[in-house]
Amino acid sequence: MSQEKVIVLDFGGQYNQLIARRVRECNVYCEVHPHYISLDEIKKMSPKGIIFTGGPNSAYLEDSPSCSRQIFELGIPVLGICYGSQLMAHLLGGAVKTAPTSEYGKTEVNIDATSMLFDGVQANTICWMSHTDYIETPPDDFRIIGHTTVCPVAAMECPERGLYATQFHPEVMHTVEGQKMLSNFVYKICGCNGDWKMDSFVEKTIAQIRQKVGDGKVLCALSGGVDSSVAAVMLARAVGKQLTCVFVDHGLLRKNEGSEVEEVFGPNGPYDLNFIHVNAQDRFYNKLKGIEEPEQKRKIIGEEFIRVFEEEAKKIGAVDYLVQGTIYPDVIESGLGKSATIKSHHNVGGLPDYVDFKEIIEPLRLLFKDEVRQAGRELGIPEHLVSRQPFPGPGLGIRIIGEVTAEKVKIVQDADAIYREEIAKAGLSGTISQYFAALTNMRSVGVMGDLRTYDYAVALRAVTTTDFMTAECVEIPFEVLQRVMNRVVNEVKGVNRVVYDLTSKPPGTIEFE
């Protein structure tokens, strides 16, 4: 991309995506790279600024993730956050040690408002701390611009070299004025202008696709979810009837979803698309027979999808390109180079080694979920489609713990339909970012009537989030949960227990597998 850029170097922190997202909220393009990226690669990208993430390690240990000390000599402003601040101090001659008192959670930080980083920030501001090490003394040419009662260097700077560091996390919502700090960094310190706008992104991407494809044929993997729907409409805008959308019903969709997708994108829908509906339920069930491990399930589903698309492409004839709705969190969570893989995403890590297409086009690969929704609005896609809840590519295959069978799919479809119906009746659907029912692999004894049962437990999940990188459990009214439980146990054969998942992200993920 030609626009100005800030890069995030990932040192293993759980908020790597969140930092990038917050920078983009300032209308500045930002992307995440592994900490070991070379100086030459950084120079080629010509970033306006660099941000170091946090991480679980100690900066002074030999095997901890690090980077070249020369990065501070590039003349590019650097902001170190948490572990990133400690690494900056360590590499430049400061002292980093185990803190006498660890700090976790909301903490009052006394800051020096004369620092450009803290311009407009209150002298005493609430920030989110999460550290057991601390900077005991900063490097010689740094001055302290923030402290707490137990942390002598909560923030430091060397403005002459464009180097700044915070022990706390400005990117999280709990840091009350964190967004103002990040805005100060990208605008006042890095000198960014803010040219990352969704309308220009859509226009540029459509033009790039049109140029790339030429008169070639394109096949779009359409699931009916937000990401693939936006990708499909974007491609239709770019290449028109050269595009064929293939909707594969793998038998792992929500209840009645296949007919709903066809209603929108099929021949009677509002979009003038070549649309093919492939019923492949038995094919996927057979492939998944006996498979319990989540990563294996994801990869099997991902590969089988590609094989179906390849077969459909041969029927169409001479299809050069495959389009997928891959988004940026998919790319990051599937592993940045040597970084740990959280899970193989259907569009990324789930692809087989060999794909019989000239090229895969991923027009949304640079976007976070809320940016995808905004792109959809720019394309004129109706709000009820744009604001639809995320649904994973592997579908219910990763909402069923253990082996996937047709019987289990029906259980989770019926339970999920009841859950969604009751949430809508209670007027809560617009206040919850994502909610669904999942089938656990746990069976337990129950009593229904006078008979003993030994059936499955269904787990209900509901989270609130702004970016799907971090999430909190929703406090659904108890009476609503009770209604859902009563209906599921009474109406869904094979279930005698319902539980509610309270786990946030992190430490959990939003999906179960």
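Note that the structure is predicted; figures quoted are calculated from it, not measured.

1. Here's the deal with the overall build of the protein chain
Counting its secondary structure elements, the protein chain contains 14 helices and 18 strands. Taken along the three principal axes of its C-alpha coordinates, the protein chain extends 70 × 65 × 40 Å. Among the 513 residues that make up the protein chain, the fraction classed as buried is 59%. Summarising the internal contacts of the protein chain: among those between residues at least 6 apart in sequence, 74% fall at separations of at least 24.

2. Digging into the sheet that holds strand 11 (residues 243-249)
Taken together, the five strands give an open sheet; going across it, the order is 12-11-10-13-14, and neighbouring strands pair in parallel fashion. For this open sheet the edge positions go to strand 12 (274-279) and strand 14 (359-361), each flanked by a neighbour on one side alone. Taken over all neighbouring pairs, the strand axes of this sheet differ in orientation by 30 degrees on average, direction set aside. In this structure, strand 10 (residues 217-221) lies alongside strand 11, joined through four bridges in parallel fashion. When the sheet's bridge partners are listed, V218 is paired in strand 11 with L243.

3. Considering the packing of aromatic side chains
In total, this model carries twelve aromatic pairs according to the counting rule given. Through successive ring pairs, a cluster of aromatic residues spans F11, F52, F72 and Y83. The cationic tip of R399 hangs over the ring face of F436; the distance from NZ or CZ to the ring centre is 3.8 Å.

4. Section: the confidence of the model for the protein chain
Low-pLDDT portions of the prediction should not be read for the details of their coordinates. Across the protein chain, the average pLDDT comes to 89, with 94% of residues at or above 70. Counting contacts from residues 337-351, a segment whose pLDDT is below 50, to residues more than four positions away or on other chains yields 55 contacts.

5. Some thoughts on the sheet that holds strand 5 (residues 95-111)
Taken together, the nine strands give an open sheet; going across it, the order is 2-1-3-4-9-8-7-5-6, and neighbouring strands pair in mixed fashion. Across the chains shown, the open sheet's two edge strands, defined by having one partner strand only, are strand 2 (29-34) and strand 6 (124-137). Averaged over all pairs of adjacent strands, the angle between their axes in this sheet comes to 20 degrees, without regard to strand direction. By the bridge criterion, four bridges tie strand 8 (residues 155-158) to strand 9 (residues 163-166) in an arrangement that is antiparallel. Pairing of C158 across the sheet is with L163, part of strand 9.

Rules and cut-offs
- Residues numbered from 1 in each chain as written.
- Predicted model: local features only at pLDDT ≥ 70, side-chain atom pairs only at ≥ 80, totals over all residues.
- Heavy atoms only, no water.
- Helix = DSSP H or I, 4+ residues; strand = E, 2+ residues; numbered from the N terminus.
- Buried < 20%, exposed > 50% of the residue type's maximum accessible area, 1.4 Å probe, protein only.
- Contact = heavy atoms within 4.5 Å.
- Pairing = 2+ DSSP bridges.
- Axes fitted to C-alpha atoms, helices over the stretch in contact; angles between N-to-C directions.
- Phe/Tyr/Trp six-rings, centres within 6.5 Å; stacked < 30°, edge-to-face > 60°.
- Lys NZ or Arg CZ within 6 Å of the ring centre and 35° of its normal.
- pLDDT = per-residue confidence, 0-100.

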